[in-house]
Every structure is written in structure tokens, then in C-alpha cells.
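# Reading the structure
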Amino acid sequence: MTTALPAQRTVLERFPAGHPRGSWPADEYAAAQRAQGTDAHVVMDLGGDQFLVVTDITTH
């Protein structure tokens, strides 16, 4: 049996989960990044109570 390793992710931006608009700012930022060619998506960091916009591409 093979075990898949988790992908390395780069956090592009963080947004507080308590924002009055919820995840919309994170979703809008991720959409803007995708429009520029970066495969970005939103995930929830439960421990940090924030939305993260991440990509599987390592940026330096």
C-alpha cells in the first residue's frame, strides 16, 4: 500500500474568519490570483480561526 504525502502549500494571504463578509474577501482574492494564472484556493484554518488563500506552487 502506498501513502500519499501531503502537498507542499504556500499561503498567499490570510483573512480573519470573523470578517463581516465571511469568506468573500478570501474568495475574491483567490479569484484574482487565478485570473493572473496562479492556482489558488481557499481553505479554513480552524485553529487560527482564519481563511487562507493557498497554492500548491512554492513561491520565493
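Placed above this text is the structure.
Residues numbered from 1 in each chain as written. Predicted model: local features only at pLDDT ≥ 70, side-chain atom pairs only at ≥ 80, totals over all residues. Heavy atoms only, no water.

Our next topic: unusual backbone geometry. The backbone of Asp 49 sits at a positive phi, close to 50 degrees, despite the residue not being glycine. Relative to the assigned elements, Asp 49 resides in the loop between β2 (40-45) and β3 (50-55). Look at Asp 49 and you get partly exposed, because its relative accessible area is 49%. (Helix = DSSP H or I, 4+ residues; strand = E, 2+ residues; numbered from the N terminus. Buried < 20%, exposed > 50% of the residue type's maximum accessible area, 1.4 Å probe, protein only.)

With that settled, the discussion passes to the sheet that holds β2. An order of β1-β3-β2 is seen for the three strands of this open sheet, with the pairing classed as antiparallel. The sheet is open, and its two borders are formed by β1 (10-16) and β2, each paired with just one other strand. Neighbouring strand axes in the sheet, compared pairwise and without regard to direction, differ in orientation by 30 degrees on average. Summarising the sheet, β2 and β3 pair through six bridges and their orientation is antiparallel. Within β3, the position partnered with Asp 45 by the bridge is Gln 50. Helix α1 (residues 24-35) rests against β1, β2 and β3 of the sheet, and its axis sits at about 155 degrees to β2. (Pairing = 2+ DSSP bridges. Axes fitted to C-alpha atoms, helices over the stretch in contact; angles between N-to-C directions. Contact = heavy atoms within 4.5 Å.)

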